[in-house]
Amino acid sequence: MGTYYEWVADLDVTEQDAPEVGRRVVEALVARGVILPELSPDAALGGDGHPAGPAWADTVEASASGESPWGVQVRVGREVQDGGQFDVGSVTCPRCSATREFFGPPEEFGPTCSDEEGLRRFYDAAAAWSEGDAGSEADLECRACGVATPVVEWRAGGAALTCLAFIFWGWDELRPEALRWVAEATGGHRIASGSGKI
C-alpha cells in the first residue's frame, strides 16, 4: 500500500526567506479555499498540516476517490524532494549542460538498469547539502566537463533540492493552475513539482 502525495518546491527561495514565503503561499491557498488556516496533526504524515479546504477539488485534474485529501504540510529547511523512493532520474550540469541519466538498458547500466555509483554520489552530495555543508562534500563533479559544482546548482530530473516545499498529502495529480497559484504567491519564483509515495 503506502501513502501517496504531491510535492511542490520553490527553487529560488533562500533559507532566510523561506518562512515568510511559505506563510504567503499558505495565505494565498487559504484565500482560495484550497486549505484551512489552522494546523492539524491529522492533515499530514509525521507533522502538522493545513486540512483541505472546501475548494480542494479545484486543484486536481481528477479525484480518483472523490474524498477530501488529508491536507498540506509546509516544509522549511534544506531538503531533497524526490518522491520518497530515491528516484531522481537524471542530473544536468550547471556549467556545461551535460545530462547524466541514472536509469537505462542493462547493456549500459548492468542488471539493475541503474547507475548505482552516480545515484550514490548525487545523494551523498545532497545529504551533505541538507546538513548545511558548504564544502566539497556537497559538490558534484560532472563527467563531461570535469568541473565540481555545488549539488544545489544542478538540475535534477524528478527531484528538487530546496529550502521550501509544500507536501499535498493524499492529493491526486495537481492541475497547472494550482502550481501557478503557488508560483504567484512566492513572487514569481521557479517551481518544481512531482509525486511520491512512502
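Quick summary incoming for the structure in this document. As the structure is a computational prediction, the values presented were derived from the model and not from experiment.

About the cut-offs
- Residues numbered from 1 in each chain as written.
- Predicted model: local features only at pLDDT ≥ 70, side-chain atom pairs only at ≥ 80, totals over all residues.
- Heavy atoms only, no water.
- Helix = DSSP H or I, 4+ residues; strand = E, 2+ residues; numbered from the N terminus.
- Contact = heavy atoms within 4.5 Å.
- Disulfide = S-S within 2.5 Å.
- Phe/Tyr/Trp six-rings, centres within 6.5 Å; stacked < 30°, edge-to-face > 60°.
- Expected span 1.5 Å × (residues − 1).
- Buried < 20%, exposed > 50% of the residue type's maximum accessible area, 1.4 Å probe, protein only.
- Salt bridge = Lys/Arg side-chain N within 4 Å of Asp/Glu carboxyl O.

Further remarks concern the side chain of Thr186. Turning to its location among the elements, Thr186 is positioned in helix 4 (residues 176-186). If we skip the residues at most four places from it in the chain, Thr186 touches Asp10, Val21, Arg24, Val25 and Ile191.

What follows deals with the state of the cysteines. Using the criterion set out here, one finds zero disulfides in the structure. Sulfur of Cys145: no disulfide; nearest cysteine sulfur belongs to Cys142 and is 3.8 Å away.

Okay, the packing of aromatic side chains next. The final tally for this structure, using the stated rule, is four aromatic pairs. An aromatic cluster is built from Tyr5, Trp70 and Trp169, whose rings are joined through pairwise contacts.

Next up on the list: helix 3 (residues 116-130). Under the 1.5 Å per step criterion, the end-to-end length of helix 3 is 21 Å for 15 residues, consistent within 8% with the ideal 21 Å. Within helix 3 the residues assigned to the buried category are Gly118, Leu119, Phe122, Tyr123, Ala125, Ala126, Ala128 and Trp129. On its buried face, helix 3 sits against strand 3 (71-81), strand 4 (90-92), strand 5 (99-101), strand 6 (139-141), strand 8 (155-157) and strand 9 (160-169).

The next subject is the pattern of salt bridges. The tally for this structure, following the rule as stated, stands at eleven salt bridges. Where Glu20 meets Arg23, a salt bridge forms, and the shortest distance between an N and an O atom there is 2.3 Å. Taken together, the residues span about one helical turn, with Glu20 and Arg23 both in helix 1 (residues 18-31) at a distance of three residues. On the basis of relative accessibility, which here comes to 37%, the residue Arg23 falls in the partly exposed class.

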